[in-house]
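Summary of the model geometry
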Amino acid sequence: MTERHIVIVGGGFTGTAVAIHLARLGDAGLTVTVIEPRAQLAQGVAYGTRDPSHRINVPADRMQLSAAEQGDFDRWFRASPAYQADADARWQDGKVYPQRGQFGAYIAEQFARAQQHSAVRLHHLCDRAVALEQGVVTTALGKKLAADEVVLAISHPPPALPRTVALALEGHPGLIADPWRQDALAGIASDERVAIMGSGLSMSDVVATLQRHGHRGPVLAFSRRGLLPRPNLSGEFDPRPLDYQQPQPSGVRAWLRRIRKEVALAAEQQLPWQLVLDDIRLNGQRIWQQLSLNEQRRFLRHLRPWWDVHRYRIAPQVSAVLEQWQQSGQLSVNAARLAAVNARGAEIKLLLQSRGAVPQNLTVDRLIITTGPAHGGLLQSDALLHQLASAGIIQPDPLALGILVNGHSQTLRQDGRANPHLYVAGPAARAYFGELMGLPQVAEHAESVARQLLGRDAERCPG
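Residues numbered from 1 in each chain as written. Predicted model: local features only at pLDDT ≥ 70, side-chain atom pairs only at ≥ 80, totals over all residues. Heavy atoms only, no water.

**Some remarks on the layout of surface pockets**
- Here the second largest pocket is characterised by a volume of approximately 870 Å³.
- For the lining of the second largest pocket, the secondary-structure elements that each account for two or more residues are helix 8 (274-282), helix 9 (284-290) and helix 15 (439-454).
- Residues belonging to the lining of the second largest pocket are distributed by class as follows: twelve nonpolar, eight polar and twelve charged.
- In terms of domain composition, the lining of the second largest pocket takes at least three residues from each of domain 1 (4-157 + 374-454) and domain 3 (252-311). (1 Å grid on protein atoms, 1.4 Å probe; cavity = no way out; pocket = protein on both sides within 12 Å on 5 of 7 lines; lining within 4 Å. Points joined across faces, edges and corners; volume = space filled by probe spheres on them. Helix = DSSP H or I, 4+ residues; strand = E, 2+ residues; numbered from the N terminus. Nonpolar A, V, L, I, M, F, W, Y, C, P; charged D, E, K, R; others polar. Domains from an automatic or database assignment.)

Right, dumping it as structure tokens:
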């Protein structure tokens, strides 16, 4: 029997999902090791939060490891004590939006089940990978693992602090540079004046946390366009597939016109716009890969903020908090850029510049950065990725979204050659695949990478 060892670096949702699929599809003789420093798997940025106000952004019946298991997490949650203890999880249409940590617990349980019942040997090494040379992965604690294949499942680097903020507020107690840090918001007094830089999903989570803490002070969220995430659909609707047989638009402007036309047609049929965007999302990878590099850049430069707020929606419970706070005047949302910032004692002075308007001076007690992970700096954010990039084994993609890969999810060297034993799973591969941030697409990609691995002959990973 041929022995084979696959090492997965990163045990958030993506890495854990790849491991589970390998355990389900693989045979005896295969060992899979997930290297993840957290004590529990599937506890990455998205599902590692312990804040009860942070909920999954789609109904539980749309969260699964594979398309064949649709509804499994919903059934699992409804049968759990957490469902009985969380009355707010159930929305008025009967769908449930559990706390995000519940989905992490569900995935961790699936991993434990795969360990017990699979012929594949499945391990979690609580450590951090720091180097890969000649097919051997070295960890921070000095362990060395010989690998036939390595899967990089490192997706979300820490947020990047804007340079102007870093220069003016380094070390200032009022600056919260990483709201995802455990208890990052716990020290905010209930009457403090808060400014939030960014107006997307992370901002929504921050506001939900502040509301749970009983915050009474004013909150201002600002971003260049001032766009808020849209709410999810409430109720049951049949899919509304678009016709992809007719000649397709050749660029992002043409696609924008097509989508606007489809939304208008849906409105005439008394159907919500979400159905149109959901179908575009389902076909997003094919659409993305048909665009030229220049068109992809044009999308990221001009249309991505609008796509993000329509595609990545928020749970209705969180949407209700935002609406309530806006109506009461406690929350304001501005379309503005940060023109200047400086500290004056314990206070923070901001100068916000809206397009075509007089600059606005603002004094706050706290400035929270919610501009999201710095994906463009992914290869510099992690010791292993930095080592591989320095050796020319991997390279950043031309769109600054993550790591350059081919259609088989294999990394590409600086000379353009593929590394046949070094893969990327999850959002770090989205420059090639496109729609690869939402959970259904990430789960699908994790399964695809597992199948790619199991469909190949085992050879030593060169590193």
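**Here's the deal with the side chain of Glu 36**
- If you trace the backbone, Glu 36 turns up in the loop between strand 2 (30-35) and helix 2 (72-78).
- A distance of 3.0 Å separates the side chain of Glu 36 from the backbone nitrogen of Arg 38, its partner in a polar contact.
- When near neighbours in sequence (up to four residues on either side) are disregarded, Glu 36 contacts Gly 10, Gly 11, Gly 12, Leu 41, His 124, Leu 125, Cys 126 and Asp 127. (Polar contact = N/O pair within 3.5 Å; in protein donor to acceptor, adjacent residues only side chain to side chain. Contact = heavy atoms within 4.5 Å.)

**Side note on the sheet that holds strand 5 (residues 136-139)**
- One open sheet accounts for three strands, arranged 4-5-6; its pairing is antiparallel. Each end of this open sheet is capped by a strand with a single partner; those strands are strand 4 (129-133) and strand 6 (144-146). Between one strand axis and the next, the sheet turns through 20° on average, direction left out of account.
- By the bridge criterion, four bridges tie strand 4 to strand 5 in an arrangement that is antiparallel. (Pairing = 2+ DSSP bridges. Axes fitted to C-alpha atoms, helices over the stretch in contact; angles between N-to-C directions.)

**What to know about the domain arrangement of the chain**
- For the chain, the assigned domains read domain 1 (4-157 + 374-454), domain 2 (163-230 + 313-369) and domain 3 (252-311).
- At the junction of the two partners, domain 1 supplies 14 residues and domain 3 supplies 14 residues.
- For the pair domain 1 and domain 3, the summed buried surface comes to about 1200 Å²; carbon and sulfur atoms form 46% of the total.
- Among the residues of domain 1 in contact with domain 3, Leu 399, Phe 433 and Glu 435 are the three that bury the most area, contributing 43% of the side total.
- At the junction of domain 1 with domain 3, the criterion picks out one salt bridge.
- Of all the secondary-structure elements, those providing two or more residues to the side of domain 1 that touches domain 3 are helix 14 (430-433) and helix 15.
- The class makeup of the residues in the side of domain 1 that touches domain 3 is eight nonpolar, three polar and three charged. (Buried area = accessible area lost by both parts, 1.4 Å probe. Salt bridge = Lys/Arg side-chain N within 4 Å of Asp/Glu carboxyl O.)

**Details of the sheet that holds strand 15 (residues 366-369)**
- Strand order across the open sheet formed by five strands is 8-15-9-10-11, with parallel pairing between neighbours. Each having just a single partner strand, strand 8 (175-176) and strand 11 (331-335) make up the two edges of the open sheet.
- Here four bridges tie strand 9 (residues 194-197) to strand 15, and the two strands are oriented parallel to one another. Bridge assignment links Ala 195 to a residue of strand 15, and that residue is Leu 367.
- Along the sheet, helix 6 (residues 201-212) makes contact with strand 9, strand 10 (219-223), strand 11 and strand 15, crossing strand 9 at roughly 155°.

**Quick look at the environment of Thr 371**
- Within the fold, Thr 371 resides in the loop between strand 15 and helix 12 (378-381).
- Taking C-alpha positions, Thr 371 is 35 Å from Ala 112, a pair spaced 259 residues apart along the chain.
- Among residues more than four places away in sequence, those in contact with Thr 371 are Ala 160 and Met 197.

**Describing the packing of aromatic side chains**
- Counted by the stated rule, this structure contains twelve aromatic pairs.
- Geometrically, the ring pair formed by Tyr 432 and Phe 433 is edge-to-face, given 4.8 Å between the ring centres and 70° between the ring planes.
- On the accessibility criterion, Phe 433 (8% relative accessible area) is buried.
- An aromatic cluster is present here, built from Phe 13, Tyr 47, Phe 73, Trp 76, Phe 77, Tyr 83, Phe 103 and Tyr 106 joined pairwise through their rings.
- Over the face of the ring belonging to Tyr 244 we find Arg 286, whose NZ or CZ atom lies 4.9 Å from the ring centre. (Phe/Tyr/Trp six-rings, centres within 6.5 Å; stacked < 30°, edge-to-face > 60°. Buried < 20%, exposed > 50% of the residue type's maximum accessible area, 1.4 Å probe, protein only. Lys NZ or Arg CZ within 6 Å of the ring centre and 35° of its normal.)

**Here we look at unusual backbone geometry**
- With phi around 65°, Ala 42 is a residue other than glycine that occupies positive phi space.
- Here Ala 42 shows up in the loop between strand 2 and helix 2.
- Using a relative accessible area of 1% as the deciding quantity, one classes Ala 42 as buried.
- Here the phi dihedral of Ser 409 falls at roughly 70°; this positive angle occurs in a residue that is not glycine.

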